[in-house]
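Spelled out from the first residue to the last, the chains are:
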Amino acid sequence: MFELRVICDPADADRITTALNTTFETGPVRRLPSRHSAQARLYITADHRPDTETATWPAPEDAYATAPSIIREIGWTADAAATRPFGTTLGREFWLRKAAVLDRIALTDHAPGDADEVAAKAAQRLVELDDVTGVRDARGYVRQQYARWACNH
């Protein structure tokens, strides 16, 4: 694990953060003003991405041990989608939490069907957003990423 410090124009901070999120496993971004200019300072804890070919995924009960209720997460994702400013894209946190809540719903639905399909599509969306290759179990990847995200929030 290592820490990155980026000094940049404040208008570029979101773009830089997104690029770093797709390259590394990152924790929360700490954003501070620069001491001597109008620049922004970003401090980001990062680590290398895991080898997805041989990764072992956490069990759902471990990945979602500290997760809010499914109803609360549905409310959060609906609110995030509805209240975002027009023309802005939804960030990685939205797609991660959406994929995780859909995975949790599919896990409670014991008959294969729509819930599994929707969860698989949302998981694949996160894999594509993160630009990782070789993921054979997209829902397992969601569990891994959610568990890591939850440790930082």
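Residues numbered from 1 in each chain as written. Predicted model: local features only at pLDDT ≥ 70, side-chain atom pairs only at ≥ 80, totals over all residues. Heavy atoms only, no water.

Student: Go over unusual backbone geometry with me, naming the residues and quoting the values.
Tutor: What is expected of a backbone is that most residues other than glycine have negative phi and most peptide bonds are trans. The phi dihedral of Asp 131 is positive, around 55°, even though this residue is not glycine. In this structure, Asp 131 sits in the loop between helix H5 (114–130) and helix H6 (138–151). For Asp 131, a relative accessible area of 60% translates into the label exposed. (Helix = DSSP H or I, 4+ residues; strand = E, 2+ residues; numbered from the N terminus. Buried < 20%, exposed > 50% of the residue type's maximum accessible area, 1.4 Å probe, protein only.)

Student: So, the environment of Ala 123: which residues are in play, and what are the values?
Tutor: Here Ala 123 lies in helix H5. A relative accessible area of 0% places Ala 123 in the buried class. The spatial distance from the C-alpha of Ala 123 to the C-alpha of Ala 46 is 22 Å, given a sequence separation of 77 residues. Residue contacts for Ala 123: discarding those within four places in its chain leaves Ala 99, Ala 138, Arg 139 and Val 142. (Contact = heavy atoms within 4.5 Å.)

Student: With reference to specific residues and values, describe the packing of aromatic side chains.
Tutor: With the rule as written, the count across this model stands at six aromatic pairs. Between the aromatic rings of Phe 2 and Phe 24, the centroid separation amounts to 5.3 Å while the plane-to-plane angle is 85°, which identifies the pairing as edge-to-face. Of the two residues, Phe 2 is situated in strand E1 (residues 2–8) and Phe 24 in the loop between helix H1 (13–23) and strand E2 (25–33); the sequence distance between them amounts to 22 residues. Residue Phe 2 is classed as partly exposed on the basis of its relative accessible area, which comes to 27%. Put simply, the rings of Tyr 64, Tyr 146 and Trp 149 touch in pairs and so form one group of aromatic residues. In this structure, Arg 97 is placed above the aromatic ring of Trp 76, and the distance from its NZ or CZ to the ring centre is 3.8 Å. The ring of Trp 95 carries the charged tip of Arg 125 above its face, separated from the ring centre by 4.5 Å. (Phe/Tyr/Trp six-rings, centres within 6.5 Å; stacked < 30°, edge-to-face > 60°. Lys NZ or Arg CZ within 6 Å of the ring centre and 35° of its normal.)

Student: Please set out the sheet that holds E2 residue by residue, giving values where relevant.
Tutor: Strand order in the open sheet formed by three strands is E1-E3-E2, and the pairing between neighbours is antiparallel. The sheet terminates laterally at E1 and E2, the two strands that pair on one side only. Averaged over neighbouring strand pairs, the angle between their axes works out to 20° when direction is ignored. Direction of pairing for E1 relative to strand E3 (residues 40–47): antiparallel, over a ladder of seven bridges. Each bridged residue has a counterpart across the sheet, and for Phe 2 the counterpart in E3 is Ala 46. (Pairing = 2+ DSSP bridges. Axes fitted to C-alpha atoms, helices over the stretch in contact; angles between N-to-C directions.)

Student: Mind laying out the nonpolar core, listing which residues take part and the relevant values?
Tutor: Membership of the largest hydrophobic core comes to 27 residues, with the highest contact counts inside it found for Tyr 64, Leu 126, Val 127, Tyr 141, Val 142 and Tyr 146. Among the elements of the structure, helix H4 (92–108), H5 and H6 are those that each provide at least two residues to this core. The element contributing the most residues to this core is H4, with eight residues. In this structure Val 142 touches Tyr 64, Leu 96, Ala 99, Ala 100, Ala 123 and Leu 126, once residues within four positions along its chain are discounted. Listed in part, the nine residues of the second largest apolar core include Val 6, Phe 24, Leu 42 and Ala 46. (Core = buried A, V, L, I, M, F, W, Y, C linked by side-chain atoms within 4.5 Å.)

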